[in-house]
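# Observations on the model geometry
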Amino acid sequence: MIDLRSDTVTRPGPEMRAAMAAAEVGDDVYGEDPTVNALQDRVAALFGHEAALWTPTGSMANQIAVQLIASPGQELLADTDAHVLAYELGAAAAYGGVSSRTYRELSEVPAMVRREGYNAVPTAAVVVEQTHNLRGGTVVPLADLEALRDTADANGLAVHCDGARIWHAHVATGVPLATYGRLFDTMAVCLSKGLGAPAGSLVLGSAERIARARPIRKRLGGGLRQVGIYAAAGDYALGNIARLDQDHARAARLAGALGVTAATNIVLLTVPDAARVVAGAREAGVLIGAMSPTVVRLVTHQDVDDTDIDTTVAVLKPLL
């Protein structure tokens, strides 16, 4: 089967497995796993942050960050289609006691800020998703992020980046990771999507915030022990950043053949009946995902080659 449902379906190759097998490990709950400690330092440095904390999942990384920057009874602002709201099962409210409101465009944020003292839920933070999954892997422009940073500073707000695919934004635009990093108070970056690790994300922030993050992670069930086997895979996966342009090129070729466009590695197709298209593609040996009753998603990744793209086009054109 050609699997284009997500870039989370990649499988570790022999070299990554060898790195995992050779990893030096310790008990990470005690902070004693040297491989995870080195990975945390490496990723924090890439983005110009003081510290980082490994988590098993991206959702946990996001929700730890939410609890670091918003207190119970406060609110965060996020995009209407943001992963942190749409695909994390209400965790911000369920575990953090944090309310939320949604914007469609970042330009709406200044008018949405609620201050203390008006018998309303005070705004504490804004979340940005980079790249944006449900908008087809689009990149939030640097100028928009800089304007948001100014708004946040003027209103005493924190800004969090759900950077699950920020590596793609970096490759697509050439904007340095540290340039993105300086615009956010907290970040969550994922190693198990386009970079191909089997598991793992990291929360980034100040040393003080990351110290507070450790007990939150434990409370959420993320206090794992010999994490070094995963951290070694993540460290190896960082070497895949440069090859993401291949995924972008294949997504662009796939999109062009199907009459749409792709910003990075995600192709969205609007169809009358997503379930029918998904079922027809599966019958022909191609796995794609239904994101809604009328939208299907195809995601390129390291386990998909040019021949797979050609086959996918041949399968989908009759179905569309």
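Heads up: these notes are all about the structure in this document. (Residues numbered from 1 in each chain as written. Predicted model: local features only at pLDDT ≥ 70, side-chain atom pairs only at ≥ 80, totals over all residues. Heavy atoms only, no water.)

Here we take up the nonpolar core. Core analysis: the largest hydrophobic core is formed by 46 residues, its most contacted members being Phe47, Trp167, Phe184, Val189 and Leu202. Here the element with the most residues in this core is helix α2 (residues 34-47); it accounts for five residues. In this structure, Phe47 is in contact with Ile166, Trp167, Leu177, Ala178, Gly181, Arg182, Met187, Val189 and Leu204, ignoring residues within four places of it in sequence. With 25 residues, the next largest nonpolar core counts Ala61, Ala78, Ala82 and Val98 among its residues. (Core = buried A, V, L, I, M, F, W, Y, C linked by side-chain atoms within 4.5 Å. Buried < 20%, exposed > 50% of the residue type's maximum accessible area, 1.4 Å probe, protein only. Helix = DSSP H or I, 4+ residues; strand = E, 2+ residues; numbered from the N terminus. Contact = heavy atoms within 4.5 Å.)

With that settled, consider the sheet that holds strand β5 (residues 123-129). Strand order across the open sheet formed by seven strands is β2-β8-β7-β6-β5-β3-β4, with mixed pairing between neighbours. Of all strands in the sheet, those bounded by a partner on one side alone are β2 (51-55) and β4 (99-103). When the angles between neighbouring strand axes are averaged without regard to direction, this sheet yields 20°. In this structure, strand β3 (residues 75-79) lies alongside β4, joined through five bridges in parallel fashion. Each residue of the ladder has a partner; that of Leu76, found in β4, is Ser100. With respect to the sheet, helix α8 (residues 166-173) is in contact with β6 (158-163) and β7 (186-190), its orientation differing from that of β7 by roughly 90°. (Pairing = 2+ DSSP bridges. Axes fitted to C-alpha atoms, helices over the stretch in contact; angles between N-to-C directions.)

Here the focus is the layout of surface pockets. Space inside the largest pocket adds up to approximately 290 Å³. Along its surface, the largest pocket is lined by 20 residues, and Tyr103, Glu105, Leu106, Val140 and Asp144 are the ones closest to its centre. For the lining of the largest pocket, the secondary structure elements donating two or more residues are α6 (109-112), β5 and α7 (142-155). Residue composition of the lining of the largest pocket, by class: 10 nonpolar, four polar and six charged. (1 Å grid on protein atoms, 1.4 Å probe; cavity = no way out; pocket = protein on both sides within 12 Å on 5 of 7 lines; lining within 4 Å. Points joined across faces, edges and corners; volume = space filled by probe spheres on them. Nonpolar A, V, L, I, M, F, W, Y, C, P; charged D, E, K, R; others polar.)

One open sheet holds the three strands; their spatial order is β9-β12-β11, and the pairing between them is antiparallel. Because the sheet does not close on itself, it has two edges, and the strands there are β9 (266-270) and β11 (289-292). The average undirected angle you get between the axes of adjacent strands in this sheet is 35°. One ladder, built from three bridges, connects β11 with strand β12 (residues 295-299); its direction is antiparallel. By the bridge assignment for β12, Ser292 is matched with Val295.

In this section: the packing of α2 against helix α11 (residues 228-237). Running from N to C, α2 and α11 cross one another at 35°; their axes reach a closest spacing of 8 Å. Here α2 and α11 pass one another in a crossing that is left-handed. Together, Thr35, Val36, Leu39 and Arg42 of α2 and Gly228, Ala231, Ala232, Gly234 and Asp235 of α11 make up the contact between the two elements. Of the residues belonging to the contact of α2 with α11, the class tally is four nonpolar, three polar and two charged. (Left-handed = near helix turned anticlockwise from the far one by under 90°.)

Burial of β6 is extensive: six of the six residues sit out of reach of the surface. Because side chains alternate across β6, one face comprises the buried residues Ala158, His160 and Asp162, and the other comprises Val159, Cys161 and Gly163, equally buried.

Taken as a whole, this structure holds two aromatic pairs when the rule is applied. Relative to Trp167, the ring of Phe47 lies with its centre 5.5 Å away and its plane at 65°, an arrangement referred to as edge-to-face. Here the residue Phe47 occupies a position in helix α2, and Trp167 occupies one in helix α8, the gap between them amounting to 120 residues. Pair check on accessibility: Phe47 and Trp167 agree, each one buried. Each ring, one from Trp54 and one from Tyr230, has its centre 5.9 Å from the other, and the planes form 20°; the classification is stacked. In this pair, Trp54 is assigned in strand β2 and Tyr230 in helix α11, connecting sequence segments 176 residues apart. Residue classification places Trp54 among the buried positions, given a relative accessible area of 0%. For Tyr230, a relative accessible area of 30% corresponds to the partly exposed category. (Phe/Tyr/Trp six-rings, centres within 6.5 Å; stacked < 30°, edge-to-face > 60°.)

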